[in-house]
Amino acid sequence: MSPRSIRWRMVVVCFLAWLPPGLMMAPQVLLMTSRGVSLAEVGVIFAIYGLTVTALELPTGGLADVIGRRVVVVVSAVFTVAGLSVLALAHSVGWFIVAMVLKGIARALSSGPVEAWFVDALHEAEGPDADLKPGLAAGSVASSVALCGGVVVGGLLPLIVPGAGLAAPIWAGAGAGVLLLVAAAVALREPRRARRLSAGAVLRGVPVAVRAGFAVAVRDRGVGRLLLVAVGLGVMLNAIEMLTPGRLAALTGDVETGSTAYAAVAAIGFAANAVGGSLAPWFARRFATSERAAVAGTVVTAVAVGGLAWSVVLIGAAGMIGAGSGYVLIFAGLSLSEVIRMDLLHRRVASGTRATVLSVNSLLLQAGGTASAVALGAFAAAGGVGWAWAVCAAVTLLLALLYVRLPPPRIEGCSTKEAQSTA
């Protein structure tokens, strides 16, 4: 495959992987509350989702390193379809929990293998010194465009599909999951394996891959600090996803119009995310080091979360403008820093443990969200969403310190075989 073909394949799969989450984002929380689930129970449901992802992140990352990336993405698409189908039909806390468990399995399976496939394929095509940032930025843009378009469509469908209500975008997300299954099976071409692995070999290989990937995170201080950033981001992103729909429903006075309002605000944010991701390579060049660029993007994100917290004093159209402005800055700053962070991370990780390390990253992201979900839900119910967002702004600002004096890469510039040996 040519480098251009590799990038386009990743772009297509990234777009379809993030389209289902985009479609369900606006109606998900409001669907639960409209069917009798309290905000505190929503926090518990989100926590169970996070625990599911946390429990499976490392095993699924190891599985992708052992049996290949493509099959893991395909299985993830199957669980996506199942989880969204149950979510659309659920009318009780128990069934919403079942839906979130299925979605959690899908998320754990999908976190890492596409990006790992891209990095390995580009290294094979251009060598270990290949510039990853343009491709990573393209994948970030594709994901953001999918989220932006998905959240707009997801917010409008309850208003234009007769009788379906808030479940319409959930069913649309399940359909997008089917498209992902087909695209992953066709696009993610992998080298033929010398032999088929038996079930026993897979079961033995996964723990080995997990230990190797986790050892990199523990042994390499640079990798460990880059992965620790994900914990704070999980706290911040979970708070925004969980609390913003209710805030906008309160501003508009109705759950369905609140869903549409959230779709509009989130779409603006994801559009900014796409722009920020596309500018990340240029942004990194404007600073003396990538670490300084990551610090700048993180500070912008923290300030934007603080602005979102302050906007709760506004009502009506002013409140909507405040929320929209906050989203623009949050996701623009986040996409800038995340493309740079992932480039820094990949330069420290060898091919044989890449998917596992990415799963560790996703695990820590989910762990941050899981650990904070119940507390933030209860805190917001008692003291208001503004205070919960203010705490998240402080947490995000502290993350910038993790980039200061970051140790240099230990395996940068070596061949894949040498990198695996070093790791």
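About the criteria used
- Residues numbered from 1 in each chain as written.
- Predicted model: local features only at pLDDT ≥ 70, side-chain atom pairs only at ≥ 80, totals over all residues.
- Heavy atoms only, no water.
- Helix = DSSP H or I, 4+ residues; strand = E, 2+ residues; numbered from the N terminus.
- Contact = heavy atoms within 4.5 Å.
- Areas by Shrake-Rupley, 256 points an atom, 1.4 Å probe, with all protein chains shown as cover.
- Salt bridge = Lys/Arg side-chain N within 4 Å of Asp/Glu carboxyl O.
- Buried < 20%, exposed > 50% of the residue type's maximum accessible area, 1.4 Å probe, protein only.
- pLDDT = per-residue confidence, 0-100.
- Phe/Tyr/Trp six-rings, centres within 6.5 Å; stacked < 30°, edge-to-face > 60°.
- Core = buried A, V, L, I, M, F, W, Y, C linked by side-chain atoms within 4.5 Å.
- Axes fitted to C-alpha atoms, helices over the stretch in contact; angles between N-to-C directions.
- Parallel < 35°, antiparallel > 145°, perpendicular 65-115°, else oblique.
- Left-handed = near helix turned anticlockwise from the far one by under 90°.
- Nonpolar A, V, L, I, M, F, W, Y, C, P; charged D, E, K, R; others polar.
- Expected span 1.5 Å × (residues − 1).
- Bend = angle between axes of the 7 residues up to and from the residue.
- Patch = residues over 30% accessible without salt bridge, like charges linked within 9 Å, V, L, I, M, F, W, Y side chains within 5 Å.
- Polar contact = N/O pair within 3.5 Å; in protein donor to acceptor, adjacent residues only side chain to side chain.

**Section: the overall build of the protein chain**
Then, in step 1: When helices and strands are tallied, the protein chain shows 15 helices and 0 strands.
Then, in step 2: The contacts of the protein chain with a sequence gap of at least 6 include a subset with a gap of at least 24, amounting to 86%.
Then, in step 3: Only carbon and sulfur atoms are counted for the fraction: they give 69% of the accessible area of the protein chain, which is about 16,600 Å².

**Notes on the pattern of salt bridges**
Then, in step 1: For the structure on display, the rule yields 5 salt bridges.
Then, in step 2: Among the ionic pairs, Glu338 bridges to Arg341, the shortest N-O distance being 2.7 Å. Taken together, the residues Glu338 and Arg341, both in helix H12 (residues 316-346) and 3 residues apart, mark about one turn of the helix.
Then, in step 3: Arg341 sits in the buried class, given a relative accessible area of 1%.
Then, in step 4: Between Arg347 and Asp343 there is a salt bridge, with the nearest N and O atoms lying 3.4 Å from each other.
Then, in step 5: For Asp343, a relative accessible area of 3% translates into the label buried.
Then, in step 6: Here the salt bridges share partners, and the residues they tie into one network are Asp131, Lys133, Asp343 and Arg347.

**With respect to the confidence of the model for the protein chain**
Then, in step 1: Model confidence for the protein chain is summarised by a mean pLDDT of 82, while 89% of its residues fall at 70 or above.
Then, in step 2: Long-range and interchain partners of residues 412-423, a stretch whose pLDDT sits below 50, account for 18 contacts in this model, where long-range means more than four residues apart.

**Description of the packing of aromatic side chains**
Then, in step 1: Scanning all chains against the criterion turns up 2 aromatic pairs.
Then, in step 2: For the pair Phe283 and Phe287, a centre-to-centre distance of 4.9 Å together with 55° between the ring planes defines the contact as tilted.
Then, in step 3: Judged by relative accessible area, which is 15%, Phe283 ranks as buried.
Then, in step 4: When the ring of Tyr327 is compared with that of Phe331, the centres are 5.4 Å apart and the planes differ by 40°; the resulting orientation is tilted. With Tyr327 and Phe331 both in helix H12 and 4 residues apart, this pair spans about one turn of that helix.

**Details of unusual backbone geometry**
Then, in step 1: With a phi angle near 55°, Arg405 is a residue other than glycine that sits in the positive phi range.
Then, in step 2: Inspection of the secondary structure puts Arg405 in the loop between helix H14 (385-399) and helix H15 (416-422).

**Some points on the nonpolar core**
Then, in step 1: Counting 123 residues, the largest nonpolar core has Met32 and Leu345 as the members making the most contacts within it.
Then, in step 2: Take this core: its biggest share by element is 15 residues, from helix H9 (residues 221-252).
Then, in step 3: Sequence-distant contacts of Met32, defined by excluding residues within four places in its chain, comprise Val37, Val42, Ile45, Phe46, Leu87, Phe96 and Met100.

**As for the environment of Ala271**
Then, in step 1: Relative to the helices and strands, Ala271 resides in helix H10 (residues 255-285).
Then, in step 2: Residue class for Ala271 comes out partly exposed when judged on its relative accessible area of 34%.
Then, in step 3: For the pair formed by Ala271 and Ala332, sequence separation is 61 residues and the distance between their alpha carbons is 8.5 Å.

**Quick look at the packing of helix H1 (residues 3-34) against helix H6 (residues 133-160)**
Then, in step 1: With their axes 6 Å apart at the nearest point, H1 and H6 run at an angle of 30° to one another. Put simply, H1 runs roughly parallel to H6. The handedness of the crossing between H1 and H6 comes out as right-handed.
Then, in step 2: When the residues that make up the contact of H1 with H6 are grouped by side-chain class, the tally is 19 nonpolar, 7 polar and 1 charged.

**As for the packing of H1 against helix H3 (residues 69-89)**
Then, in step 1: Where H1 contacts H3, the two axes come as close as 12 Å, and the packing angle between them is 20°. Between H1 and H3, the angle is such that the two are roughly parallel. At the point where H1 passes H3, the crossing takes the left-handed sense. In this structure, H1 uses Val13, Pro20, Met24, Gln28, Leu31 and Met32 to contact H3, whose residues at the interface are Val73, Thr80, Leu84 and Leu87.
Then, in step 2: For the contact of H1 with H3, a count of residues per class yields 8 nonpolar, 2 polar and no charged.

**Overview of helix H13 (residues 354-383)**
Then, in step 1: Taking 1.5 Å of rise per residue, the 30 residues of H13 would be expected to cover 44 Å, and the 42 Å separating its terminal C-alpha atoms lies within 8% of that figure.
Then, in step 2: Bending of H13 peaks at approximately 40° at the position of Ala373.

**Quick notes on a nonpolar patch on the surface**
Then, in step 1: Together, Val152, Leu156, Leu159 and Ile160 make up an exposed nonpolar region whose accessible area comes to about 350 Å².
Then, in step 2: Tracing the backbone shows Leu159 in helix H6.
Then, in step 3: For Leu159, a relative accessible area of 49% corresponds to the partly exposed category.

**What about the environment of Arg341?**
Then, in step 1: Residues Arg341 and Glu291, 50 residues apart in the sequence, show an inter-C-alpha distance of 8.1 Å.
Then, in step 2: Excluding residues within four positions of it along the chain, Arg341 makes contact with Leu226, Leu227, Val229, Ala230, Leu233, Asn361 and Tyr403.
Then, in step 3: Polar contacts involving the side chain of Arg341 include one to the main-chain carbonyl oxygen of Leu226, which spans 2.7 Å.
Then, in step 4: A polar atom in the side chain of Arg341 sits 2.7 Å from the side chain of Glu338.

**Section: the side chain of Thr52**
Then, in step 1: Of note, Thr52 is situated in helix H2 (residues 39-67).
Then, in step 2: Among the polar contacts made by the side chain of Thr52, one reaches the main-chain carbonyl oxygen of Ile48 at a distance of 2.9 Å.
Then, in step 3: Ignoring anything within four residues of it in the chain, the contact list for Thr52 reads Val101, Gly104 and Ile105.

**Observations concerning the environment of Ala380**
Then, in step 1: The residue Ala380 is located in helix H13 in this model.
Then, in step 2: Here Ala380 falls in the buried class, since its relative accessible area comes to 8%.
Then, in step 3: Separated by 341 residues in sequence, Ala380 and Leu39 place their C-alpha atoms 9.0 Å apart.

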